[in-house]
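Report on the structure
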Amino acid sequence: MKLTIIGTGYVGLVAAVCFAKLGHYVTAVDREHIIQDLRENKLAIWEPTLQEMLETCRSDGRLFFETDVAHASKGADALMIAVGTPAGVSGRTDLSQVDHVIAQLKQAEDVCPPFIIMKSTVPVGTCDELEADLHAAGLRTEVVFNPEFLRQGSAINDFMNPDRIVFGCRSHLAKAALHQLYRGINAPIQVCDRRSAELIKYASNAFLAMKISFANMIADVCEDYGADNRQVMQGVGADRRIGPHFLQAGIGYGGSCFSKDLQSLLASGNAIGRSLPLLEATAQINEERIPQLLEKLISIWGNPRGKRLGVLGISFKPHTNDIRDAPFLTLLRLCYLYGIEVQTYDPVVQPATIEGVCQMDTAYEAAAGAHAIIIMTEWPQFAELDWVLMAQLMYQPILLDGRNVLSEEVISRLMAVENVIYIPVGRPMEQTTLTLKRDTSTLRHIYGT
Ligand SMILES: NC(=O)c1ccc[n+]([C@@H]2O[C@H](COP(=O)([O-])OP(=O)(O)OC[C@H]3O[C@@H](n4cnc5c(N)ncnc54)[C@H](O)[C@@H]3O)[C@@H](O)[C@H]2O)c1
């Protein structure tokens, strides 16, 4: 098939290389400076194997880059929209990027392909409205909704091996075209109406966010009662009706999707006078995670002003350089507020990405002279660091393990080092017996012991 994809972000570019790999001819469209870089095989986003796949598909003559929507759409069997749909006013989805693409198609004569495949996450009813708009302009195209469920950090693998593929479409022709597009991917296919497909995407993200907030809520109870959240969730997740995924307590969810999709669903509910209290609680629990964690450090430090915090991991999750809605940004804002200095290390986020942040070249440099260190993302290499050395490099060896990445073995080695305080999430903290003088009544207060 000849496919045109508008938008070469995390979803559009991954879809472009994967469909090209599946044997289709793909033309991907984006803004001038982005396309210029892509034509030189330069990627702004970091995803495992993406670079290699991009180069292979281009040299095989299956992947092309363009800047003009009309030109790229001419003769295409289908046009896929994968532009951003960020949060707008009062949580409602900002559809301006989608609207802009539709306007470009309406302006150009005789180029609109027979199918427009909406990949961007859009509120329920959007595809109906867009199709009506296109028909009113005389364009006989069918808009189908084909939600994307890939996870950043494993995007290529997720795209090629999805749990399911959803086609929200009206006609047999559209269904057949989508089947042809996805031929080669072995996954269950669900065909349904467009509104249901649109809601499947929002409901899936809301449910995943809810699982994370649930795990974090139970983690707080574990800390209060001296239980171990990892054990609790292992027992809970072993139930096949629940499943083990997304039950890890930590710093809360981040990234470009969960928060904005939850807000969008809440806004959709509001628009029809329906409250969605489970989603409100999910968002509230998540918003409290970072302030709560920082509070633990402040309770130990006493006065936070002038303290230096080492931060491991900036992106919202490992194996990606995406910092959109990363919990680190909330942490950073609070640190500014309290007068805490921040020095960070991230394996793939380029230095100088965030203004005013002191980004180090190694984790050890981020630990040097720090009054505490916090692990924000579960990059595997963080667990492999020489944590005894890390503690020795610090001014005050307080380790806040926001992702529970340190093994029991590492923790017990740490406990042989003077003055160490290890603060995990969802289980009691550990500290070496010989400690600095500090107000232990506050510690008792935090952990209820
Ligand atoms: N990122 C994810 O993990 C993920 C997963 C599933 C679904 N989604 C959804 O997919 C959509 C895209 O997400 P993303 O993370 O790839 O966004 P992104 O912001 O990374 O990429 C969007 C791209 O579209 C381009 N663009 C915007 N308007 C354009 C136009 N008129 N012409 C050409 N290019 C244009 C932008 O320049 C940008 O490169 C969103 O709706 C998102 O909710 C994202």
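For every chain, the first residue of the written sequence is number 1, and numbering continues from 1 onward in sequence order. In view of the model being predicted, local features appear only for residues whose pLDDT reaches at least 70, and side-chain atom pairs are presented and counted only at 80 or more, with totals across whole chains, interfaces and linings using the full set of residues. Calculated side-chain values reflect all of the structure's heavy atoms, with hydrogen atoms and water omitted.

**So, the site of the ligand**
Any residue with a heavy atom positioned within 4 Å of a molecule or strand is treated as near that molecule or strand. Near the ligand there are 28 residues, and of these Val11, Asp30, Thr85, Gln152 and Lys260 occur at the shortest range. Gln104 is positioned with one of its side-chain polar atoms (N or O) 3.4 Å from a nitrogen atom of the ligand. In protein, a polar contact requires one atom able to donate a hydrogen and another able to accept it; more generally it is a pair of N or O atoms within 3.5 Å, and residues adjacent in sequence count only if both atoms are side-chain atoms. Here Thr121 contributes a backbone N or O atom positioned 2.9 Å from an oxygen atom of the ligand. For the area figures, the Shrake-Rupley method with a 1.4 Å probe applies, and any residue is considered shielded solely by the protein chains shown. When isolated, the ligand has an accessible area of 840 Å², and the protein chains bury 89% of it.

**What about unusual backbone geometry?**
The backbone of Asp325 sits at a positive phi, close to 55 degrees, despite the residue not being glycine. In this fold, Asp325 is placed in the loop between β9 (308–312) and α13 (327–338). When accessible area is computed with a 1.4 Å probe and restricted to protein chains, residues below 20% of their type maximum are described as buried, those above 50% as exposed, and intermediate ones as partly exposed. Asp325 gets classed as partly exposed once you look at its relative accessible area, which sits at 46%. In the Ramachandran plot, Asn404 falls in the positive-phi region, its phi being about 50 degrees despite a non-glycine side chain. Secondary structure counts use DSSP, requiring at least four H or I residues in a row for a helix and at least two E residues in a row for a strand, with both numbered from the N terminus. Along the chain, the position of Asn404 falls in the loop between β13 (398–401) and α17 (408–414).

**Description of helix α6 (residues 126–136)**
Since the α-helix advances by 3.6 residues per turn, residues separated by three or four positions end up pointing in the same direction. Taken as a whole, α6 has its buried residues at Thr126, Cys127, Leu130, Glu131 and Leu134. Taken down its axis, α6 places every buried residue within 125 degrees of arc, on the same side. Exposed positions of α6 whose direction lies more than 90 degrees from the buried face are Glu129 and Ala136. Throughout, a residue-residue contact means that at least one pair of heavy atoms, one from each residue, lies within 4.5 Å. Looking at the buried positions of α6, the neighbouring elements they touch are α5 (96–107), β5 (115–118), β6 (142–145) and α9 (194–225). Each direction from the helix axis to a C-beta atom contributes to the arc, which is the arc of those directions.

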